[in-house]
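An overview of the molecular structure
Single-letter residue listing:
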Amino acid sequence: MPQVAQGQRGAAAALPARLVLGGLRARVGAVPRSTADLSPATVTRLTKQWSDDHVAFQQRDLAESDYVYVWADGVHPKVRLGQAHSCVLVLMGVRLDGTKELIALAEGLRESAESWADLLRDCRRRGMRDPELVVGDDVMGLWKALAEVFPAALHQRCWVHKARNVTNALLKSAQPGATKAMQEICNAEDRAHAEKAIEAFAKTYGAKFPKAVAKITEDREELLAFYGFPAEHWIHLRTANPIESTFSTVKLRTKVTRGAGSPAAALATVFKLVESAQTRWRAITEAHLVALVRSGARFENGVFVERLENTAA
């Protein structure tokens, strides 16, 4: 690839955030005025650079990157991908120092166990260890693939996705009360209170809405897994919000572009937007506890059990 001038490299870093993505093929008239001086050839060259950057990212060694927590989701940004019904499969993790980092971003089918397994196997091949906990929604393909590739990881269902699925199985008149009841489950002070809140939910709604209640009771373990980790981390582990919040911005930025050329260019565009957003991601609360989790320390209802036992002794 021809050498890109320093000024153009700076522009390449800024372009995704400025939405110079409207087709990425000589449509300079569609880009913001601040970048209107870019020629079609420059846009094409920068698009190639982004695609190369994405390929290099997906091939990098992960052996030195220890991801203790992982969020996983399949997202549908407003770009044209290679297959009908395909989406962007996203893995985001928390490193030992508590910082968040994009792990992988690839095209795939959201409901497909094979698509997820391909992505996870590739991460394993490049040196990724089993996370302690993976947070995701009710997509069964993800959990099947995860059990195969990273069997030591615990599973946490996203409470935001779960609440949507439950309310969709209720009459509109029952939704406000059920929403409040689900909040009492996931925000309970400890697992025992959460279990009691689940029983109360089942008692209140079970007769009229058994399918809605089953969505909670059948996933009880996966919905309450976060209670086995530091209480300071619960706010981060209940949901897949780190991915959702990032891609809410990505979707807004890509929505106005009417596509981004080839599927590879589209994926590179999404990658660059997420890479740009990553610079603003904050570390999780009480980041020093992440290394403690990885060391095998046991927590009960958010409290470090060994420390309490040693104090009592």
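Here's a quick rundown of the structure. Bear in mind that the values here come from a model prediction, so they are computed numbers and not experimental data.

The phi dihedral of Glu286 falls on the positive side, at around 50°, and the residue is not glycine. Inspection of the secondary structure puts Glu286 in the loop between helix 12 (263-278) and helix 13 (289-294). What makes Glu286 partly exposed here is its relative accessible area of 39%.

This paragraph deals with the pairing of strand 2 (residues 87-95). Summarising burial for strand 2: 8 of the 9 residues are buried, a large majority. Examined bridge by bridge, strand 1 (residues 67-75) and strand 2 share 8 bridges and lie antiparallel to one another. Note on strand 2: the bridge partner recorded for Gly74 is Leu89. Where strand 2 and strand 3 (residues 100-108) come together, 8 bridges link them in antiparallel fashion. Paired with Cys87 across the strands is Gly108, a residue of strand 3. The hairpin turn running from strand 2 into strand 3, its antiparallel successor, is 4 residues long, and Gly98 in that turn takes a positive phi close to 90°.

Moving on, we get to the side chain of Gln58. Topologically, Gln58 is positioned in helix 2 (residues 40-59). A relative accessible area of 13% places Gln58 in the buried class. Setting aside its immediate chain neighbours within four residues, Gln58 contacts Ile103, Ala104, Leu105, Ala106, Leu119, Asp122 and Arg126.

As a further point, take the nonpolar core. Within the largest apolar cluster, 58 residues are counted, with the highest numbers of intra-cluster contacts made by Tyr69, Leu105, Ile185, Phe201, Ile216 and Phe247. Looking at which element gives the most residues to this core, the answer is helix 12, with 7 residues. In contact with Tyr69, not counting residues within four places along its chain, are Met92, Gly93, Val94, Leu133, Phe229, Pro230, His233, Leu237, Ile284 and Val293. Of all hydrophobic cores here, the second largest spans 25 residues; its members include Cys87, Leu89, Trp116 and Leu146.

About the thresholds
Residues numbered from 1 in each chain as written. Predicted model: local features only at pLDDT ≥ 70, side-chain atom pairs only at ≥ 80, totals over all residues. Heavy atoms only, no water. Helix = DSSP H or I, 4+ residues; strand = E, 2+ residues; numbered from the N terminus. Buried < 20%, exposed > 50% of the residue type's maximum accessible area, 1.4 Å probe, protein only. Pairing = 2+ DSSP bridges. Contact = heavy atoms within 4.5 Å. Core = buried A, V, L, I, M, F, W, Y, C linked by side-chain atoms within 4.5 Å.

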